[in-house]
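# Structure assessment
One letter stands for each residue in the lines below.
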Amino acid sequence: MANAIVKRRRQELVVGGVVLAGLALLPVPIKDVYTQNLIIITVLFAGLAQAWNILGGYCGQISLGHALYFGIGSYVSTLLYLKLGIPPTLGLFAAGIVAGAAALLIGWPCFRLSGHYYAIATVVVGEIGYLLFLNWDFVGGATGVFIPFKGESWAELQFKTAKLPYHFVVLAFAAATWLAAFWLEGSRWGFAWRAVKDDVVAARSLGVNIFASKMAAAALSGGFTGMGGALYAQYVGYIDPDSVLAGHFSILIALPAVLGGVGTLWGPLIGAAVLIPASELSRSYLGGSGRGVDLMLYGGLIVLVALARPQGLVSLFSWRRKSDVPAA
Amino acid sequence: MTAADLLQVAAGGLLMGLVYALVAAGLSLIFGLMDVVNFAHGELMMLAMYAVFAIWAVNGTDPLLLLPIVAVLLFGIGIAIYHGLIARALSVQFNRGMVQIFVTFGLAIFIRGACQFVWGGDFKSITGHWLAGRTIELGGVYLPLPQMAASAICLAAFAGLLVIGRTEFGRALEATREDRDAVALIGIDRNRIFALGWGLGAGAVGVAGVMLAGFYYVGPNVGASFAVIAYVTVALGGFGSMLGALVAGILIGEVEAFTAAFWEPSLKQVGVFAVYLAVLMLRPRGLFGRL
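Residues numbered from 1 in each chain as written. Chains lettered and ligands numbered in written order. Predicted model: local features only at pLDDT ≥ 70, side-chain atom pairs only at ≥ 80, totals over all residues.

Moving on: the overall build of chain B. Looking only at helices and strands, one finds 10 helices and 2 strands in chain B. Counting from the amino terminus, helix and strand elements in chain B follow one another as α-α-α-α-β-β-α-α-α-α-α-α. Counting only C-alpha atoms, chain B reaches 60 × 50 × 35 Å along its principal axes. The 291 residues of chain B split such that 53% are buried. (Helix = DSSP H or I, 4+ residues; strand = E, 2+ residues; numbered from the N terminus. Buried ≥ 20, exposed ≤ 12 C-beta atoms within 10 Å, placed from the backbone.)

Here is the structure:
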């Protein structure tokens, strides 16, 4: 049995390497800037969704406030860069640390709550963050912050030919979140977190520290989300509370993981690969009329996938491991 | 600030709080019955507001006269949503909690898109109706009539929900809430009770939407802002508790009014959310929630 698990994990790692190589080679056939941009956003969301998955999927704490960590990360790296001249390659890690610390600070009171009470508390904390940033003049208030272009530089993550280097930057980010989830699946922490998700009482009786597990998952998840926010800010060059902190953003981060397959290694990537292009394409072809057809299609897609594949789109690929799926 | 000013602020908070309470009551009813948080609740309210606007725009019918029609319409929509989506979401074998959240969330996006498709993205408001612009004065406190009517109707609808709770149907509702499997043994059709619960929940938020349309703009995002307040109200009052929704709704209306008056109007919701978090830290199941 143990050997089977080791073998499977080795297979997962090989598949992961192949997928990564495939994604890294995508810009070779694809030269079109629009498509490159689409791929970058998709890969970024795959990473963000994986970050959400660490807390929401593996540890089972449904956070609907991850936009806060994303927003904090994007503001931290941007302000460090603009006000103190610290390059975003360093700011990226500062963003991760501050967002992770914020997740701990918020988790400390909120993990007293469970189930729907927890989910709604995260919505509310996210809304508070949004309103405070909106009214905080030091960080640009409602007008936001514009990042000026200061010339091509890897340290500052600024590129004139915009797309191509970012392809590798977001790929590295998504690969890091994937590796974190992979490590988690085989580690003691990962088992503890999944135990917390499945049955709190049973987990406690086995000596799992519930609160510490949730806090660790939140810090890791929030930290990665903050790093994603920093990358996003540097990529688009402009942030304001509506684009990085608004409540619907939290849902956008969680959705790929949920529809792809919550608590799975591949779910967030598969979910992002389906959802983000669907949303972007429908927006650019149908959203221009301002008539909401894109929203109707997107909403309809979410409902359909959730009802037709409750275990996530990843289950479409799991024919080879049917025996692993517990009978319901 | 004089005593009259304080009373004025308190009255404004009470009037809005009663509307919040009714919006939350529908949400709480559905949650208490079947453990489903309806993330499309705000959008149902928006549908009611657009329905009022659409009929008013055609023939100028006063919103007050449309109240029963729109309430029945929303009741039907609630039942349709239950049979079309929720019954299916309840029967899935995996991730039931998340499927429920995201099915209703997808529905919310769909309704928002549909309203934008039909009525466009700009704000509409209903003007020149019977109550519009009228106020009454009570001891130096000015009370706008549209808001007065809204809170009175919301209170009445609330009383209606409580009366329903005392009927045979209400007892069936309570029994289904206690044990959804055991009720089948005593001849209660669980599916029918759930569907009626959705009808009532949607109808209640529909009533709130109709009254709100008398003094609040209608736009594709109006549902989202009220929905967050509604979740806070329900969680603060305690999931599934009607009395909790009423008390929490009024409390939230007051906190919002006083934050806006004494601190900063654009931060009024921060005050509400801070109070909510503080209460939940002391009492994680809400004011009147059951364990």
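For the rest of this paragraph, the subject is the nonpolar core. Residue and element names in this part refer to chain B. Among the nonpolar cores identified, the biggest contains 211 residues, and Val-19, Ala-21, Leu-22, Cys-154 and Ala-208 are the most heavily contacted of them. Per element, the largest residue contribution to this core is 16 residues, and it comes from helix H1 (residues 3-34). Look past the residues within four positions of Cys-154 in its chain and what remains in contact with it is Leu-18, Val-19, Ala-21, Leu-22, Ala-208 and Met-211. (Core = buried A, V, L, I, M, F, W, Y, C linked by C-beta atoms within 7 Å. Contact = placed C-beta atoms within 7 Å.)

All names here are of chain A. Looking at the element boundaries, Ala-219 is found in helix H9 (residues 210-236). In this structure Ala-219 comes out as buried when scored by C-beta crowding, with 22 C-beta atoms within 10 Å. Excluding residues within four positions of it along the chain, Ala-219 makes contact with Gly-100, Ala-103 and Leu-104.

Time to look at the interface of chain B and chain A. Each partner contributes residues to the interface: chain B has 38 residues there, and chain A has 36 residues. Going through the elements one at a time, helix H3 (63-90), helix H4 (96-119), helix H8 (222-237) and helix H10 (268-282) of chain B are the ones with two or more residues in the side of chain B that touches chain A. In terms of residue count, H4(B) provides more of the side of chain B that touches chain A than any other element does, 14 residues in total. Along the lines of polarity and charge, the residues of the side of chain B that touches chain A split into 28 nonpolar, 8 polar and 2 charged. (Nonpolar A, V, L, I, M, F, W, Y, C, P; charged D, E, K, R; others polar.)

The next subject is the pairing of strand S1 (residues 135-138) of chain B. The pairing of S1(B) with strand S2 (residues 141-144) of chain B spans 4 bridges and is antiparallel. Along S2(B), the bridge assignment pairs B:Glu137 with B:Tyr142. (Pairing = 2+ DSSP bridges.)

Another aspect to go through is the confidence of the model for chain B. Across chain B, pLDDT averages 88, with 100% of residues at or above 70. Overall fold confidence for the complex sits at a pTM of 0.88, while the interface term, ipTM, reaches 0.86. (pLDDT = per-residue confidence, 0-100.)

Residues and elements named next belong to chain B. Phi is positive for Asp-35, which is not a glycine, with a value near 60°. As for its placement among the helices and strands, Asp-35 is situated in the loop between H1 and helix H2 (41-59). Given 17 C-beta atoms within 10 Å, Asp-35 falls into the partly exposed group.

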